[in-house]
Amino acid sequence: MPTELLLSRADGRPMYLQIVEQIRRLIATGEWPAAHPLPSIRQLAVGLQVSVITVERAYFARGLEGLVVT
């Protein structure tokens, strides 16, 4: 990943929403251009030290907005 995603346990938002916002920002700023491969769900979960379900939820939310295809 060109830019690491960073989560904060002190942030009042759920972890999956933090992931969603960061992916949105990376796409909007062009750091993740069109056709940029996303890390696998398991890879991102291990890297962020969150559950696979948390990452799945974030990826599903992104897919609903039409920003990513999983």
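Structure: see above.
Thresholds applied
- Residues numbered from 1 in each chain as written.
- Predicted model: local features only at pLDDT ≥ 70, side-chain atom pairs only at ≥ 80, totals over all residues.
- Heavy atoms only, no water.
- Buried < 20%, exposed > 50% of the residue type's maximum accessible area, 1.4 Å probe, protein only.
- Helix = DSSP H or I, 4+ residues; strand = E, 2+ residues; numbered from the N terminus.
- Arc of directions from axis to C-beta.
- Contact = heavy atoms within 4.5 Å.
- Expected span 1.5 Å × (residues − 1).

**Here's the deal with helix α2 (residues 41–48)**
Now for step 1: Regarding α2, the residues found buried are L44, A45 and L48. Axial view of α2: buried residues confined to an arc of 100°, hence all on one face. Along α2, exposed side chains directed more than 90 degrees from the buried face belong to R42, Q43, V46 and G47.
Now for step 2: Where α2 is buried, its residues contact α1 (15–28) and α3 (52–64).

**Considering the environment of V20**
Now for step 1: Of note, V20 is situated in helix α1.
Now for step 2: Distance from V20 to G30, taken between C-alpha atoms, is 16 Å for residues ten residues apart in sequence.

**Observations concerning α3**
Now for step 1: Under the 1.5 Å per step criterion, the end-to-end length of α3 is 18 Å for 13 residues, consistent within 8% with the ideal 18 Å.
Now for step 2: Within α3 the residues assigned to the buried category are T54, V55, A58, Y59, A61 and R62. On an axial view of α3, the arc spanned by its buried residues comes to 155°, and they lie on one face. Away from the buried face of α3 by more than 90 degrees, exposed residues I53, F60 and L64 are located.
Now for step 3: Structurally, α3 contributes buried residues whose contacts are with α1 and α2.
Now for step 4: With its phi angle positive at about 80°, G66 sits one or two positions after the end of α3.

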